Amino acid sequence: MALSTESIDAIKEAAARYPHKKSAILPALTIAYRQIGYLYDDLYIEVADAIGVSPNEVASAATFYTMFPKQKVGKYLIQVCTNISCGLMGAESLKEYLLKKLNVKEGGISEDGLFTVVSVECLGSCTTAPMMQVNQTYYENLTKEKVDEILNDLREKG
Amino acid sequence: MDKIKLKIDGIEIETEKGKTVLEAALENGIDIPVFCYHPCLKSIGACRICLVEIASPRGGEIVPWPKLQASCATAATEGMEVQTKSERVVKARRGVLEFILANHPLDCPTCDKGGECPLQDTTFKYGLDSSRFDERKRRFSGDTDSTFDDLQIGPEVIRNQNRCIHCYRCTRLVEERFFEQDLGHYQRGAFTEILPPPGGEIRNLYSGNVVEYCPVGALTNRDWRYKVRVWKTVEFPTICRYCSDGCNLRVSVFRNKIYRAQSRANWSIDEGLPCDLGRYGYQFAHHDDRLTKPMIRKDDELVESSWGEALTVIKNKIDETVKSRGSSGVACLVGESLSNEDYYTIGRFFRSVIGTNSIDHRIYRKKKLSFGKDVVERELCWNKLDIADLENASQFFIVGSDLHSENPITALRVLKAKRYSNARIMLLNPLPTHLNRAADEEHIYNAYSEVFLLQGLARLIVESKLYDPEKANLREDEAKLFLKETAEFELKTVSEKTGLAPVVLEALARSLCKTEKTVFISGENVRIHYQRDPILIALYNLAKLTGNLNGNSCGVLLLGGESNSMGCYLFGMRPDRLPYDKPFEKAEELKAVWGDIATDQPGNDTIDILQKINDEKIECAFLLGLDAVNHYPDSEFINRTLSKLDFMVVADLFLTDTARLADVVLPISSHFETDGTFVNWEGVMQKYTKSIKNIGESMPLWQIFAKLSAMFDADFKFRTADDVFRQYAPMIGRDGISRMATLPEKGLRFEKKKEYRDAGLMAVSYRQPSSEELPLTVLSGNGDHHFSRNFSTRCESLNNFLADPYIAINDKLAEDMTISEGDLIKLENSSGKIVAKALIWQNLPQDVVFVPDNFLEVKVNSVRSKDNDIDKVKLVKM
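The rules behind these values
Chains are numbered independently. Their residues run from 1 in the order of the written sequence. Lettering for chains starts from A, numbering for ligands starts from 1, and both go in the order in which the items are written. Confidence filtering applies because this is a predicted model: local features only for residues at pLDDT of at least 70, side-chain atom pairs given and counted only at 80 or more, and all residues used for totals across whole chains, interfaces and linings. Numbered from the N terminus, helices here are DSSP runs of H or I no shorter than four residues, and strands are runs of E no shorter than two. Exposure criterion: with C-beta atoms placed from backbone coordinates, a residue whose C-beta has 20 or more other C-beta atoms within 10 Å is buried, one with 12 or fewer is exposed, and one in between is partly exposed. These domain limits were set by an automatic method or by a database of domain assignments. By definition, residue pairs are in contact when their C-beta atoms, positioned from the backbone, come within 7 Å. Residues are grouped as follows: Ala, Val, Leu, Ile, Met, Phe, Trp, Tyr, Cys and Pro are nonpolar; Asp, Glu, Lys and Arg are charged; every other residue, Gly included, is polar. Working convention: axes come from line fits to C-alpha atoms, limited for helices to the stretch in contact. Angles between N-to-C directions cover 0 to 180 degrees. Roughly parallel covers angles under 35 degrees, roughly antiparallel covers those over 145, roughly perpendicular covers 65 to 115, and oblique covers all other angles. Should the near helix be turned anticlockwise from the far one by less than a right angle, the crossing is termed left-handed; should it be turned clockwise, right-handed. Residues enter a nonpolar core if they are buried, belong to Ala, Val, Leu, Ile, Met, Phe, Trp, Tyr or Cys, and are joined to the set through C-beta atoms within 7 Å. Pairing between strands is defined by DSSP: at least two bridges between them are needed. Confidence of the predictor at the level of single residues is captured by pLDDT, which takes values from 0 to 100.

### A look at the overall build of chain A
Across its full length, chain A carries seven helices and four strands. Ordering the α and β elements of chain A from the N terminus gives α-α-α-α-β-α-α-β-β-β-α. Taken along the three principal axes of its C-alpha coordinates, chain A extends 50 × 30 × 20 Å. Taking all 158 residues of chain A together, 34% fall into the buried category.

### Some words on the domain arrangement of chain B
Residues and elements named next belong to chain B. Taken as a whole, chain B is organised into domain 1 (3–85), domain 2 (138–286), domain 3 (295–369 + 564–749), domain 4 (384–558) and domain 5 (776–877). Computed over C-alpha atoms only, the centres of domain 2 and domain 4 are separated by 36 Å. Taken residue by residue, the interface counts 13 residues in domain 2 and 15 residues in domain 4. The class makeup of the residues in the side of domain 2 that touches domain 4 is seven nonpolar, two polar and four charged.

### What to know about the environment of B:Ala388
All names here are of chain B. Looking at the secondary structure, you find Ala-388 in the loop between helix H9 (373–377) and strand S19 (395–399). Residue classification places Ala-388 among the partly exposed positions, given that 16 C-beta atoms sit within 10 Å. On a C-alpha basis, the gap between Ala-388 and Ser-263 in space is 17 Å, while along the polypeptide they are 125 residues apart.

### What about the domain arrangement of chain A?
Reports of interface size often rely on the accessible area that becomes lost once the parts have come together. Along its sequence, chain A is organised into domain 1 (5–64) and domain 2 (76–157). Spacing between the C-alpha centres of domain 1 of chain A and domain 2 of chain A amounts to 29 Å.

### Some points on the interface of chain B and chain A
Taken together, the contact pairs 10 residues of chain B with 12 residues of chain A. Taken together, the residues that form the side of chain B that touches chain A break down as three nonpolar, five polar and two charged.

### Details of the packing of helix H1 (residues 5–16) of chain A against helix H3 (residues 41–51) of chain A
Residue and element names in this part refer to chain A. Across the interface, H1 lies against H3 with an axial gap of 8 Å and an inter-helix angle of 50 degrees. In terms of axis orientation, H1 runs oblique to H3. Remark: the crossing between H1 and H3 carries right-handed chirality. Contacts between H1 and H3 pair Ile-8, Ile-11, Lys-12 and Ala-15 from the former with Val-47, Ala-50 and Ile-51 from the latter. In terms of residue class, the contact of H1 with H3 is made up of six nonpolar, no polar and one charged.

### Details of the nonpolar core
Within the largest apolar cluster, 248 residues are counted, with the highest numbers of intra-cluster contacts made by B:Leu457 and B:Ala621. Leave out the neighbours within four places in its chain, and B:Leu457 touches B:Leu505, B:Leu508, B:Ala509, B:Leu512 and B:Leu542. Counting residues in each nonpolar core, the second largest holds 23 residues, with A:Tyr44, A:Val47, A:Val53 and A:Val58 among its members.

### Some words on the environment of A:Leu94
Residue and element names in this part refer to chain A. Among the secondary structure elements, Leu-94 is positioned in helix H6 (residues 91–102). Given 22 C-beta atoms within a 10 Å radius, Leu-94 is considered buried. When the C-alpha positions of Leu-94 and Thr-82 are compared, they lie 9.6 Å apart, and in sequence the two are 12 residues distant. For Leu-94, the residues in contact, after removing those within four places along its chain, are Val-80, Pro-130, Leu-142 and Val-147.

### Overview of the pairing of strand S13 (residues 248–254) of chain B
All names here are of chain B. Where strand S12 (residues 234–239) and S13 come together, six bridges link them in antiparallel fashion. When the bridges of S13 are listed, Phe-236 appears paired with Val-251. Sheet topology places S13 next to strand S14 (residues 257–263); six bridges connect them, and they run antiparallel. Bridge pairing links Ser-252 to Arg-260 in S14. In sequence, S13 turns back onto S14 through a hairpin of two residues, with Arg-255 there showing a positive phi of about 45 degrees.

### Here we look at the confidence of the model for chain B
Scored by pLDDT, chain B has a mean of 93; 99% of the residues are at 70 or more. If you check the scores for this complex, the pTM reads 0.93 and the ipTM reads 0.86.

### Describing the packing of helix H12 (residues 450–463) of chain B against helix H14 (residues 476–485) of chain B
Residues and elements named next belong to chain B. For the pair H12 and H14, the least separation of the axes is 10 Å and the interaxial angle reads 135 degrees. Considering their axes alone, H12 and H14 lie oblique with respect to each other. Of the two elements, H12 crosses H14, and the hand of that crossing is left-handed. Only Ala-479, Phe-482 and Leu-483 of H14 make contact with H12, whose side of the interface consists of Arg-459, Val-462 and Glu-463. A breakdown of the residues in the contact of H12 with H14 according to their chemical character gives four nonpolar, no polar and two charged.

### Some details on the sheet that holds strand S15 (residues 295–298) of chain B
All names here are of chain B. With respect to topology, seven strands assemble into an open sheet ordered S16-S15-S26-S25-S24-S17-S18, the strand pairing being mixed. Each edge of the sheet is formed by a strand with only one pairing partner; in this case those strands are strand S16 (301–304) and strand S18 (359–360). Inspection of the sheet shows S15 paired to S16 by four bridges, in the antiparallel sense. Residue pairing in the sheet places Ile-296 in a bridge with Val-303 of S16. Contacting strand S17 (330–334), S18 and strand S24 (620–624), helix H8 (residues 340–354) crosses the sheet at an angle of about 170 degrees to S17.

### Some points on the sheet that holds strand S23 (residues 555–558) of chain B
The strands making up a sheet are joined through hydrogen bonds of the backbone, oriented either antiparallel or parallel. Residues and elements named next belong to chain B. Across the sheet, five strands lie side by side as S21-S20-S19-S22-S23; this open sheet has parallel pairing. The open sheet is flanked by strand S21 (441–444) and S23, the only strands paired with a single partner. When strand polarity is set aside, the average angle formed by the axes of neighbouring strands in this sheet is 15 degrees. Relative to strand S22 (residues 518–522), S19 runs parallel, the two sharing five bridges.

Below, the structure is given as structure tokens:
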């Protein structure tokens, strides 16, 4: 069992909030994702068991949403927006800078196990382009210097 | 239903309100191409190929709608004018096709669907001959070992995701109609994949339908693919030979071999969604085990012979027996899946040529074969509803029936009512059944406590005055009397005996009275129950109390049985009934055709026949299409009895265990090799046609007995199955039905009165069953994807779902005895023993074991004894 008892309890609590068990799939996946860091086949079965629905429904929903990583990622998942506004403001070069600096390929994990960089579509923060999301936090109006600073802070936190 | 009028392509048509434009067009023969639409499913408008141009009246003017509409998702309205073939529509369809084909591989020559592919046909009709899409097509590599990106996703389903056009018919069928969860769509957009859930495979009982209804070659069938091209085959209509639902099927034949069976939608029965038993169950027809020549016992060994020799031996023996014993020395037992033509000819031969009435088919019960007077009085012997009626019921009370495996298509209607009108399904069984996937409540009662349960509920309803006296047509004094007579069914006792909590019983009683239109369904467990009649009467009581005796979608059903169990009844395969269920007093009409027949007294039923064989009063017996040794619920007794016979003739498709005991074995043809008719549980007579030549020298039974009749100088002159039909057709008494060809294509539906006689409440009492003092009760039924014996286990595809016998036990019991799954375990009692691998079922009650009754390696009837009402065993770990 990969899910902790706390996660399972939280999933059950979430499931109890809805008239249909199915409705709890996304909240439950979020709970599982927060604990494990990514989603995979056996985890769908565990989540399904905790809610009381079929693994089919959980896996269908999970694979539909690209924002759940389906492979192991670093402790900090850096999602760089490369959509139009950010793209115009230099998102691509920012991403290249990140990849070079962390010495990883897109989607890979840095050697220290801390970082994974991926490009994503619009995160709805166009007025503050370019921007990136690190786990649950938005970092906006980015420059190379700002990125250095953020990475250093994160490294320090470990 | 309100009618509306609209114009499609300038043709004025009338349709029912609520139908879509597409349905209105298809009904009237106007062709609109479809991919995602399926009449069994709700429309989702996913594929856009059914686009049409619509204009509708507004303020006295016909106003065109600005955009083209998906006709499958647009309701037809009064005065609408629809164009399905205008230039604009054709252009749009070409555009849609171009998009669909952007990612669809052009591998038609190597695709198994080629030749019957809606996408191929539609492209041929509308599509462009070139594509503007220069980019690479999307590609899913399924099985990396295969050149074709194929991936096996179930025992019989192979997927090629590259070809998928995302119509979602497969996943919708599985979820919407079958209530299963073994196929889903994963990922998104163009990369959506059809897959079973992680670690699973698609193996539900209806899984073959996803292949048939895939509009492209994305899902193909393991058994059929690449064996033969579809345009080389010829299709023949047939009827399924397994359960008593009577699905309409068609088989594809090439060079005298059947390659597959597909649906042949009969909307009042199967809705074009047969189960896998029908779809793959044809394979026995070409099995190597088929008998091809008659066999005669010589020096204690069965040796092949000619028909002439075999029939002469039979004739001489019959003559000898009749001379020494009289005609009562001959008896006949028949199986329940022969044709009506067979039954009629058999009946005529035994009754008129030999002069014996000892004919029976009821081999499944230990005692009390016929329904008692009280059941007959309440008209419970005939099922009064039709499958389609179930759709409008609002509640199902299913007791003692594994409906899912006994009558899969009836179960599908129950599920339909659940899906589209949210009918309640209440399952009450001594063990969990697979219908529980959709049930609102499932209660497991102690095995063989049905009378307590049902009578207890009835008492509870009367006691707590939950019934409506007017609807139930029950007077105060009658209610009082009933309470007095049912004193043994106090709530506390009932709860104790059934193992259901009093609150559960109270809730059940309330729920029964609250909802109108309840159908009470019982099945095989009740059919073989030692207290069958009391259970049926108790169900009748409940139906009466809840006001469900009259009406189109309520009543009491006793299902189960085999493909022509009803035909057995109708065509006189009982000692006291003549064809067309006529009693002996009404034999005049028959005598005119048959000549003189003995109608002074009924013959022997199965129990008497077996007894008289033991007493050496019956010397010569015919067992026709019946594997009695494996069917009769007492293996030791039936073996001992049959070996006492002086002369036994067995006619079957295979050398069954019964045939091995015979003196003469006759090879009979399957229902694919002759014309004939079956009657399903609704009482619908449907015909099937000869699709292949007889295998070997086999002959259908009607032909065998027609030949025999000629040897007795009483030639029936039956040369074809139609000759037989023509002879009994006048008895059906329906105008215009004179030949098999005149039977309606969708079957001859007998008119039924959809109400039961109100014979009042009747108190029935519980009788303590006789049994051995052992801890576990044996229950049996069908294993997954199997039905009855000898046939389904000779179908390779069905064996791919389940090939090995097992004994299912409860998990706690397994733990206590340190048995793990797959260990060999033994069940034994004084009758015998069976050994098989253990299968652990979590929800199985602790005092019950379940053994599938399909596999002859593990014969359930060897732990059954005809002297005990119920069979108990002890479990031993090997």
